[in-house]
Amino acid sequence: MSVAANPTLPTLPTPPSSSNHSALARCRCLFFSSPAAFIRPRRTTTTKDTTKSPRLFVVACRSGFESKMSDSVPATEACPDPSSAIDFLTLCNRLKTTKRKGWINHGIKGPESIADHMYRMGLMALIAGDIPGVNRERCIKIAIVHDIAEAIVGDITPSDGVPKEEKSRREQAALNEMCEVLGGGMRAEEIKELWAEYENNSSLEANLVKDFDKVEMILQALEYEREHGKDLDEFFHSTAGKFQTDIGKSWAAEIISRRSSK
């Protein structure tokens, strides 16, 4: 029985032709662990055929897509083996147990760990408003990587008297060692790249995360002042005038305003 078309509804394309069925049969769902390896598939639709029930057909991948991508991303390069992954994560446990030395030096009992600090920086990157030209997801990655070498070298502070160049050298060596534990490959290279980007302050994302590093520190200082009755002026003086972004400046100003009204 024929049914009159509803004039209020859009007409959708008809089922795919046999050739399109063949194209769909050649497509399989693939998982790519490297964002750089992903190529957006081409999307096509069939033409309208009023003799059959309306349906939408999307060809999710182009001919040869699977074979080309599998050739360009060897499975051995995509991710670390389980043993290397667990060794690396076990090493990173030190980030959870190593306390931030600046707070220890000021007599704070039970201070935050390195991982605590990086976690809240990651949250800052997550909730920050969009900024033209800034990749927010990359900011999150940089935030959780920027102090990762401290799993080996510890939290080196200005009070330790270690020159900036020597601190950077030690951390670079530690990072290389950690990436060897991970087994090298694409993930290790990404971690190195993110760390170097932050260390060199070489991108808009690095500028923003550098600000988050300072914002997180003075926010923590304010919280410890209220909790322990301490005067932690040093942390506010050391960051004054050093914020690079509008978000960093406005968030720091809010923290200082709250401190002034205590």
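Refer to the structure above for everything that follows.
This text gives an overview of the structure that appears in the document.

## What about the nonpolar core?
Link 1 in the chain: Ranked by internal contacts, the top residues of the largest apolar core, which has 46 residues, are Leu95, Trp103, Ile148 and Phe212.
Link 2 in the chain: Listing elements by their share of this core, those giving two or more residues are helix H4 (82-97), helix H6 (114-127), helix H7 (136-145), helix H9 (164-181), helix H10 (185-199), helix H11 (204-228), helix H12 (233-239) and helix H13 (246-260).
Link 3 in the chain: Sort the elements by how many residues they give to this core and H11 lands first, with 9 residues.
Link 4 in the chain: Those residues in contact with Leu95, other than ones at most four positions away along the chain, are Ser113, Ile114, Ala115, Met118, Asp147, Ile148, Glu150 and Ala151.

## A closer look at the packing of aromatic side chains
Link 1 in the chain: Across all of its chains, the model carries 3 aromatic pairs by this definition.
Link 2 in the chain: Lying across the ring of Tyr198, Lys210 places its NZ or CZ 4.2 Å from the centre.
Link 3 in the chain: Between Arg259 and the ring centre of Phe236, over which it is positioned, the NZ or CZ distance is 4.0 Å.

## Section: the side chain of Asp155
Link 1 in the chain: Structurally, Asp155 is set in the loop between helix H8 (150-153) and H9.
Link 2 in the chain: Of the side chains with opposite charge, Arg100 lies nearest to the buried Asp155, which makes no salt bridge, at 4.7 Å.
Link 3 in the chain: Of the polar contacts made by the side chain of Asp155, one reaches the backbone nitrogen of Lys101; its length is 2.8 Å.
Link 4 in the chain: Setting aside anything within four residues of it in sequence, one finds Asp155 in contact with Lys99, Arg100, Lys101, Gly102, Ile114, Glu150 and Asp160.

## Details of the packing of H6 against H11
Link 1 in the chain: At a minimum axis separation of 9 Å, H6 and H11 run at an interaxial angle of 120°. Taken together, the axis directions place H6 and H11 in an arrangement best described as oblique. The element H6 and its partner H11 pack so that their crossing is right-handed. The residues of H11 that touch H6, namely those facing His117, Arg120, Met121, Met124 and Ala125, are Val209, Phe212, Asp213, Val215, Glu216, Leu219, Gln220 and Glu223.

Rules used throughout
Residue indices begin from 1 for each chain and proceed along its sequence in written order. With pLDDT at 70 or above as the cut-off, local features in this predicted model cover only qualifying residues; side-chain atom pairs require 80 or more to be listed or tallied, and sums for whole chains, interfaces and linings still use all residues. Computation of side-chain values: all heavy atoms of the structure, hydrogens and water removed. The term nonpolar core refers to a set of buried residues drawn from Ala, Val, Leu, Ile, Met, Phe, Trp, Tyr and Cys, joined through side-chain atoms within 4.5 Å. Burial classification: accessible surface area is computed with a 1.4 Å probe over protein chains only, and a residue below 20% of its type maximum counts as buried, one above 50% as exposed, and the rest as partly exposed. Helical segments are the DSSP runs of H or I of at least four residues, strand segments are the runs of E of at least two, and each set is numbered from the N terminus. Any pair of residues with heavy atoms lying within 4.5 Å of one another is described as a contacting pair. Side-chain rings of Phe, Tyr and Trp, where Trp is taken by its six-membered ring, are said to pair if the distance between their centres is within 6.5 Å; with planes under 30 degrees apart they count as stacked, over 60 as edge-to-face, and otherwise as tilted. Either the NZ atom of lysine or the CZ atom of arginine qualifies as a charge over a ring when it sits within 6 Å of the ring centre and within 35 degrees of the ring normal. Positive charge is attributed to Lys and Arg, negative charge to Asp and Glu, and no charge count is given to His or to the chain ends. Salt bridges are defined as contacts in which a side-chain nitrogen from Lys or Arg sits within 4 Å of a carboxyl oxygen from Asp or Glu. We define a polar contact as two N or O atoms separated by no more than 3.5 Å, with the added condition that, inside protein, one atom must be a possible hydrogen donor and the other a possible acceptor, whereas residues neighbouring each other in sequence contribute only through side-chain atom pairs. Each axis is a line fitted through C-alpha atoms, taken for helices only over the stretch in contact, and angles between the N-to-C directions span 0 to 180 degrees. Working definition: roughly parallel below 35 degrees, roughly antiparallel above 145 degrees, roughly perpendicular at 65 to 115 degrees, and oblique for all remaining angles. Two helices crossing with the near one rotated counterclockwise from the far one by less than a right angle form a left-handed crossing, whereas a clockwise rotation gives a right-handed crossing.

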